[in-house]
Amino acid sequence: MALRRFDIEAGGDAFAFKAETEPTIDFWLGKYPAARKQSAVIPLLWLAQKDNDGWLSEPAMREVADRLEMPYIRVYEVATFYTMFRLKPVGKHHIQLCGTTPCMLRGANDLKQVCESKIGKKFAVTDDGKLSWEEVECLGACANAPMVQINDDYFEDLTVDGLGEIIEKLRNGADVTAGPQVDRINSAPEGGTDVLTEAGLFDGSRNGAVTTLPNLPEPEPAPEPEPEAKALPEEPAPTNTAREETTEEEVVAVAGERPEAAEVAEAERDNLKEIKGVGPVNEGQLNELGIYTFAQIAAWTPANVDWVEDFLSFPGRIAREDWIGQAKVLAAGGETEFSKRVEAGEVDSSKDEGE
Ligand code: FES
């Protein structure tokens, strides 16, 4: 790691934040408890750097330390550690040139030569005070490599001539245009895109459009896997009980909370196979647990769902197939597309053996 020293002379004796910066300081201080206001050291150093022509003088660091009631050395440590804080005066337009691999492969080394020839060595400030440059690590605009950041703006898709022109314009006080320097919008393909060109994708007119394919037959649910030989409780316990407590063979703890079992007369039991995802095997296992009606399933809590999913060894499936939503409709006397098909005998996997 490079040794970074701050310039003790160049910053004079005093520093004061600009009046218009004070609300921003209050904003950052408001993010932390009063006793932890030191947590705002990085944002305050950043604001001090902005108010100090792009670099941190020693008085600026002291001002931050005083405001945050920190020892000066603690603030010096932060400022000298992070390379985003510059410790010597920089030009009015300070160029950060990305030299990381994607930019390097796309010509960053040539851009460095442009900076050296037009500005000078790294961190040297031109005599007129207008320009300086440094090399930095990836600035997160790799798709637009090679690129530089000048003060707060990115200049992307640069060429040697293009960067040279930008530097000359800045030197002469002319306007420059930030962003990609080729015919592209942000990081979209150069010359415009050939795909996703429909205007409705971007003007909001497709919001809420139905995107499901019409008139496709509802897919058959996957066949029920053969049940593993599982020891089930002989009598469903009336209260919530962990699975390992219900069988002697099963010792693995089951997450969640077992749904309450019920005694339901045969005639009042629902055909649980009208719930998409419940076939004869699952229905039998639910019955073993004392679950016989849509209303019972409709009342399951998330903890109950966890327990049943764990017990039946299909994590996530109850939510994915929306058993509870289906059960609510059916418990209220309604029908679902799937229940209608079960009623009509069109779903083989919902037929009991022998049917
Ligand atoms: S490598 Fe240059 S912006 Fe990422």
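Structure report, in brief. Because the structure is predicted, anything quoted here is derived from the model rather than measured.

What counts, and at which threshold
- Residues numbered from 1 in each chain as written.
- Predicted model: local features only at pLDDT ≥ 70, side-chain atom pairs only at ≥ 80, totals over all residues.
- Heavy atoms only, no water.
- Patch = residues over 30% accessible without salt bridge, like charges linked within 9 Å, V, L, I, M, F, W, Y side chains within 5 Å.
- Areas by Shrake-Rupley, 256 points an atom, 1.4 Å probe, with all protein chains shown as cover.
- Salt bridge = Lys/Arg side-chain N within 4 Å of Asp/Glu carboxyl O.
- Helix = DSSP H or I, 4+ residues; strand = E, 2+ residues; numbered from the N terminus.
- Buried < 20%, exposed > 50% of the residue type's maximum accessible area, 1.4 Å probe, protein only.
- Phe/Tyr/Trp six-rings, centres within 6.5 Å; stacked < 30°, edge-to-face > 60°.
- Pairing = 2+ DSSP bridges.
- Contact = heavy atoms within 4.5 Å.
- Axes fitted to C-alpha atoms, helices over the stretch in contact; angles between N-to-C directions.

This brings us to a nonpolar patch on the surface. Where nonpolar side chains cluster on the molecular surface, the patch consists of Trp46, Phe81, Tyr82 and Met84 and spans about 370 Å² of accessible area. One can find Tyr82 in the loop between α4 (72–81) and β1 (93–98). Overall, the relative accessible area of 34% leaves Tyr82 in the partly exposed class.

Moving on, we come to the packing of aromatic side chains. In the structure shown here, the tally under the stated rule is five aromatic pairs. Here Phe81 and Tyr82 contribute two aromatic rings whose centre-to-centre distance is 4.8 Å and whose plane-to-plane angle is 85 degrees, an arrangement assigned as edge-to-face. Residue classification places Phe81 among the partly exposed residues on the basis of a relative accessible area of 46%. Relative to Phe311, the ring of Trp307 has its centre 5.1 Å away and its plane inclined at 10 degrees; by these criteria the two rings are stacked.

The five strands are arranged β2-β1-β3-β4-β5 in an open sheet whose pairing can be described as mixed. The open sheet has two free edges, formed respectively by β2 (131–136) and β5 (179–180), since each of these has just one partner strand. Where β1 lies against β2, six bridges are found, and the strand directions are parallel. By the bridge assignment, His94 is partnered in β2 with Ser132. Packing against the sheet, helix α6 (residues 108–118) makes contact with β1 and β2, and its axis sits at approximately 155 degrees to β1.

Counting buried residues in helix α2 (residues 41–51) gives eight out of eleven residues, a clear majority hidden from the surface. Turning to α2, the residues buried within the fold contact α1 (22–29), α3 (58–68) and α4. Asp53 sits one or two positions beyond α2 and adopts a positive phi of about 60 degrees.

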